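Next come the chains, spelled out residue by residue.
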Amino acid sequence: GLDNLEDRMVHVLNTAGEAMFVTSITTSAAFFANAVNYITSIKCFGLYCGLVVISDFILMLLFMPAVILFYEKNIKTNGGKACCVGVCPDKFCDTEKHPDNAVVSFFANTTFDGIFVTFGELIKKYGWAMFILGAAFGVPLAVFCKDLSYPTSESIQLFHSEHPMERYQLEYKDRFEENSDTYNFPAIFVWGLEPTDNGNHWDPGNFGEADFVSVDFTDKESQQWMVNFCANAQASDWYEKSYGDDCWIDTIIAYMEGDCSSGHATNACCGFNATRDFPFEEEVFKKCSAEAGQMYGSFYEGWSTPRGVWFRTDDSNTIKAVVQFFYTNKPHSNVFETAKGFDDDMVSWFDGQLKSAPSSLQGGFFISDLGDLSLKEAIGEGAYESAGVATLVAILVLLVMTQNL
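Quick summary incoming for the structure in this document. All values derive from a computational prediction rather than experimental measurement.

We now examine the packing of helix α1 (residues 5–32) against helix α10 (residues 371–402). Packed helix pairs are specified by the crossing angle of their axes together with the interaxial distance, meaning the distance between the axes. Orientation of α1 relative to α10, taken along the N-to-C sense of each, is 160°, at an axis distance of 8 Å. Our classification of the angle between α1 and α10 gives roughly antiparallel. Where α1 crosses over α10, the two elements pack in a sense that is right-handed. From α1, E18, F21, V22, I25, T26, A29 and A30 reach across to α10, where they touch A390, V393, A394, V397, L398 and M401. By residue class, the composition of the contact of α1 with α10 is 11 nonpolar, one polar and one charged.

Now the structure itself:
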């Protein structure tokens, strides 16, 4: 019943199509599983590769059979004999004149029948035993060797450690002032914002919008706590004293202590004595902080990291958000363990400070120049999630196609 090419092609597609479908679906699922990753470029890469695999499968079912039949009927000129090396002379496919070709053909058939078919029969007979044996080795490895190895150097190493170019990059570069790019980690404390990423994770250019939450810095308890917080920060072992960063509330207090004769402020917001008058009355502090904000304006403009006080644009003129910036004495590093240690220490210190904060200020959070650390952590977490999703999809496909546990 397989006398003509069309029947042979239908038979091949019926027998091999299922295997092609399973391998294509499981492979594309492995790529599509990257959709759960937090990194936009990895998500897009997984989507693209998954669609490519599906497209290749469709082409193999629809386009390739038609091309093969067209070639067999219209282009091939070797008397109907099969040739595996493209267009070739008749004598090349004659195994009697070219015994080497017969040896190759015999070896290929023997390899397939002797290895793959035998392996398939072993799976049928001892499948559960092989599964248990694989699990016995795989599960301990997954449990005890699950952590990814994070980078331990500042830059990507291309040569061995003793290579002159690597020694310059890792040891000598910062000794040349014009090549030195060392700086310290900043410490940034934020109130009035929710630390969430509400942008479109499939669009690298969409950063989302600021998600503001309610804060109150005007009551006396909040004023006093903020002054104490700034004093504690400036007295901590991580604070870089050579920069002398001012706290935003100290700037407002200094504004209110100014001499009324200087004309820098209205009579309602000058001539105060912090020792005597602080913490200020709520209405006074709200009015004077807004007035100071209008006077100083965008005096933080030009900094790469936005910092300062944001006010509501309505008639209330109340404080909407605060970003307090300090320099630290901790040298910046892209080494994972160093950056992770700094982040953990600062988060722990800030959490300790927030324990005594008024309820409206306890939602503050810490950030710094930790983009490289965040990227590595996101890739590491996404790798496990993607692997889990891909494994589940592969198992589901196999169960559906084999209908056998």
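With that settled, the discussion passes to the packing of aromatic side chains. Tallied over the full model, the rule gives 26 aromatic pairs. A centroid spacing of 5.6 Å and a plane angle of 50° characterise the contact between F189 and F366, whose relative ring orientation is tilted. With F189 in strand β1 (residues 184–191) and F366 in strand β4 (residues 365–367), this pair connects stretches of sequence that are 177 residues apart. A single burial state applies to F189 and to F366, both of which are buried. An angle of 85° between the planes, with centres 5.2 Å apart, marks the rings of F217 and W248 as edge-to-face. Here F217, found in the loop between β1 and α5 (220–234), pairs with W248, found in helix α6 (residues 248–256); they are 31 residues apart in sequence, far enough to count as distant.

So, on to the state of the cysteines. Scanning all chains against the criterion turns up three disulfides. The disulfide bridge from C230 ends at C247, spanning 1.6 Å between sulfur atoms. Here C230, found in helix α5, pairs with C247, found in the loop between α5 and α6; they are 17 residues apart in sequence, far enough to count as distant. Classification of C247 by relative accessible area gives buried; the value is 0%. Between the sulfur of C260 and that of C270 lies a disulfide, 2.0 Å long from S to S. Judged by the torsion about the S-S bond (105°), the C260/C270 disulfide is right-handed. Note that C260 is positioned in the loop between α6 and α7 (274–277) and C270 in the loop between α6 and α7, a separation of 10 residues in sequence.

Time to look at the environment of F31. Along the chain, F31 falls in helix α1. Classification of F31 as partly exposed rests on a relative accessible area of 26%. In the structure, F31 is positioned 355 residues away from S386 in sequence and 8.5 Å away in space, judged by C-alpha atoms. The contacts of F31, once residues within four sequence positions are left out, are F45, G46, L47, C49, G50 and V53.

Calculation criteria
Residues numbered from 1 in each chain as written. Predicted model: local features only at pLDDT ≥ 70, side-chain atom pairs only at ≥ 80, totals over all residues. Heavy atoms only, no water. Axes fitted to C-alpha atoms, helices over the stretch in contact; angles between N-to-C directions. Helix = DSSP H or I, 4+ residues; strand = E, 2+ residues; numbered from the N terminus. Parallel < 35°, antiparallel > 145°, perpendicular 65-115°, else oblique. Left-handed = near helix turned anticlockwise from the far one by under 90°. Contact = heavy atoms within 4.5 Å. Nonpolar A, V, L, I, M, F, W, Y, C, P; charged D, E, K, R; others polar. Phe/Tyr/Trp six-rings, centres within 6.5 Å; stacked < 30°, edge-to-face > 60°. Buried < 20%, exposed > 50% of the residue type's maximum accessible area, 1.4 Å probe, protein only. Disulfide = S-S within 2.5 Å.

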